[in-house]
Amino acid sequence: MTERIVIVGGGSGGTITANRLSEELESEIEAGKIEITVVSANPNHLYKPLYLYIPLGEAELEDTRRPLVDLVDHRVTLVYKRVTEIDTDGKSLAMDDGSELDYDYLVVGTGAIPQPEETPGLGEDEPGHHFYGPDASENLRETLANFDEGHLVLSVIGTPHVCPAAPVEFPMIVEEWFRERGVREDIEITYTYPIQRLHGVRPTAEWMVPRFEERDIETKTFFNVENVEDGTIETLEGKELDFDLMIGIPEFTASPIIEEAGLGEEWMEVDRNTLESEHAEDVWGIGDVTNLPTSKAGSVAHYASGTLVSRIASEVRDQVPTATFHGKTICFIEAGTEEGTFIEFAYDREPVVRDENRFLHWSKLGYNEAYWLTARGVM
Ligand SMILES: Cc1cc2nc3c(=O)[nH]c(=O)nc-3n(C[C@H](O)[C@H](O)[C@H](O)COP(=O)(O)OP(=O)(O)OC[C@H]3O[C@@H](n4cnc5c(N)ncnc54)[C@H](O)[C@@H]3O)c2cc1C
């Protein structure tokens, strides 16, 4: 009998897992014992870290996407449909076209969905911009190109935010970008964060303080954006801040199918070491959709996929799964347009941010090119 492994999501987690699994289970697939299917609402794979560069004209939308069919191993079946329901008792998925797909093993990698509309005044045709989607980052490019004086405010609205680094990087990159264009003296920059320090990860917050001071980037903490009116941000704490250009890091949620399937209340609840669902048999989570106690970053999905593939392969082979995930996370951080650094941590290893240098900036740019090999499961 053929057993079906179904992976929902063709993002970083789903794609890397599919490619590594098809490699690992090559002989079982060839013998007709295993079938692997990826179900994705989007026929393209999106490399979202490039959204950071689009507003500055340093990346194009075409650079961010590749057809899944060009990235995913030929042994994997691709289904371009949206999953509307997960029935973990009946081991079946319902799709937006009314069809159903049964599974024996299920991997959920549906990501974290930006919710700018949760903040009045943020999003398309609103005074507040963001760069967490293709259209939003392109709109911001147009606005930024015409911005040569006034007050730019970057506000982190929701936590956890996808990618711990992007909100830190953007003010430092744009500050240098304004200097390069000779307009920095006419622009004031303010960064706001909802808790009492500049970032949820304490060493990142500590690293930011002198760097933001050096660059004359104003900061405000305990700043919880409630709404964005024309020219003014109002906060839950009753503060007001005037702006000429506002960029928000929006709130994020999991797809509603997670809660509806009983897989978690806010995020998909998984064991932090085995990635198994806390609520259903033969179901695993990968990437931003999970409640893993680490960052919502592509690197986490990448490292976790190794554990996932090994555990699923053991299950398929009736062996005891032994691989465990220890929360390995690495994120590059751009410190302007010329230098960069990275932060690294794990469940039992405190985050460390090193001093920035040119080599690490070029490493980040190099990785942005090499990412497509990661997606293929090669590195
Ligand atoms: C601006 C920005 C900068 C970033 N920078 C970095 C960085 O420097 N380093 C880093 O490590 N990470 C970075 N990230 C984060 C990284 O992009 C994410 O952590 C990563 O994409 C998570 O992968 P994922 O597979 O969990 O989710 P995603 O990549 O979001 O993929 C989710 C997939 O699920 C599909 N899907 C969703 N719902 C359904 C459904 N109901 N049915 C079928 N398919 C569905 C989607 O179509 C998509 O294919 C950044 C993100 C952004 C936005």
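Values in this document were obtained by computation on a predicted structure and should not be read as measured data.

Here's the deal with a negative patch on the surface
Among the surface-exposed residues, Asp 148, Glu 149, Glu 185, Asp 186, Glu 188, Asp 216, Glu 218, Glu 229, Asp 230, Glu 240, Asp 242 and Asp 244 lie close enough to one another that they form a single negatively charged patch. Mapped onto the elements of the fold, Asp 230 is located in the loop between β15 (225-229) and β16 (232-235).

Focus: the site of the ligand
Residues in close proximity to the ligand total 31 residues, the closest being Gly 13, Lys 48, Val 83, Asp 288 and Gly 298. Ser 12 is positioned such that a nitrogen or oxygen atom in its backbone is 3.2 Å from an oxygen atom of the ligand. At a separation of 3.5 Å, an oxygen atom of the ligand approaches a polar backbone atom of Ala 297. Taking 1000 Å² as the accessible area of the ligand by itself, protein coverage stands at 92%. The set of elements that each furnish at least two residues to the shell around the ligand consists of α1 (12-24) and α9 (298-316). In terms of residue class, the shell around the ligand is built from 12 nonpolar, 13 polar and six charged. Lining the shell around the ligand are residues from two domains, each supplying at least three of them: domain 1 (3-112 + 254-316) and domain 2 (115-252).

Side note on the environment of Pro 120
Relative to the assigned elements, Pro 120 resides in the loop between β10 (113-114) and β11 (128-129). Spatially, the C-alpha atom of Pro 120 lies 20 Å from that of Thr 221, the residues being 101 residues apart in sequence. Setting aside chain neighbours within four positions, we find Pro 120 in contact with Glu 226, Asn 227 and Val 228.

As for the environment of Val 183
Among the structural elements, Val 183 can be located in the loop between α6 (166-180) and β13 (187-192). Val 183 sits in the buried class, given a relative accessible area of 12%. Note: C-alpha distance between Val 183 and Glu 149 (34 residues apart in sequence) is 7.0 Å. With sequence-adjacent residues up to four places away left out, Val 183 is seen in contact with Asp 148 and Phe 178.

Let's talk about the sheet that holds strand β8 (residues 100-102)
In space, the three strands of this open sheet follow the order β6-β7-β8, with antiparallel pairing throughout. A strand with exactly one partner marks an edge of an open sheet, and here the two such strands are β6 (83-87) and β8. Strand-to-strand, the axes of this sheet are offset by a mean angle of 20 degrees, without reference to chain direction. Sheet topology places β6 next to strand β7 (residues 92-95); four bridges connect them, and they run antiparallel. If you follow Asp 87 over to β7, its bridge partner there is Ser 92.

Focus on α6
The terminal C-alpha atoms of α6 lie 21 Å apart, and with 15 residues this matches the ideal 21 Å at 1.5 Å per residue to within 8%. Judged by how many residues are buried, α6 sits mostly within the fold: 13 of 15 residues are covered. Positioned one or two residues after α6, Gly 182 has a phi angle of 75 degrees, which is positive.

A word on the domain arrangement of the chain
Splitting the chain by domain gives domain 1 (3-112 + 254-316) and domain 2 (115-252). Summed over both sides, the interface of domain 1 with domain 2 buries roughly 1600 Å², with 70% coming from carbon and sulfur. Taken as a group, Leu 52, Pro 55 and Leu 56 account for 38% of the area that domain 1 buries against domain 2, more than any other trio of residues on that side. Across the contact surface, domain 1 and domain 2 share one salt bridge. For the salt bridge of Glu 60 with Arg 141, the shortest nitrogen-to-oxygen distance reads 3.0 Å.

Cut-offs and rules
Residues numbered from 1 in each chain as written. Predicted model: local features only at pLDDT ≥ 70, side-chain atom pairs only at ≥ 80, totals over all residues. Heavy atoms only, no water. Patch = residues over 30% accessible without salt bridge, like charges linked within 9 Å, V, L, I, M, F, W, Y side chains within 5 Å. Areas by Shrake-Rupley, 256 points an atom, 1.4 Å probe, with all protein chains shown as cover. Salt bridge = Lys/Arg side-chain N within 4 Å of Asp/Glu carboxyl O. Lys, Arg positive; Asp, Glu negative; His and termini not counted. Charge placed at Lys NZ, Arg CZ, Asp CG, Glu CD. Helix = DSSP H or I, 4+ residues; strand = E, 2+ residues; numbered from the N terminus. Near = heavy atom within 4 Å. Polar contact = N/O pair within 3.5 Å; in protein donor to acceptor, adjacent residues only side chain to side chain. Nonpolar A, V, L, I, M, F, W, Y, C, P; charged D, E, K, R; others polar. Domains from an automatic or database assignment. Contact = heavy atoms within 4.5 Å. Buried < 20%, exposed > 50% of the residue type's maximum accessible area, 1.4 Å probe, protein only. Pairing = 2+ DSSP bridges. Axes fitted to C-alpha atoms, helices over the stretch in contact; angles between N-to-C directions. Expected span 1.5 Å × (residues − 1). Buried area = accessible area lost by both parts, 1.4 Å probe.

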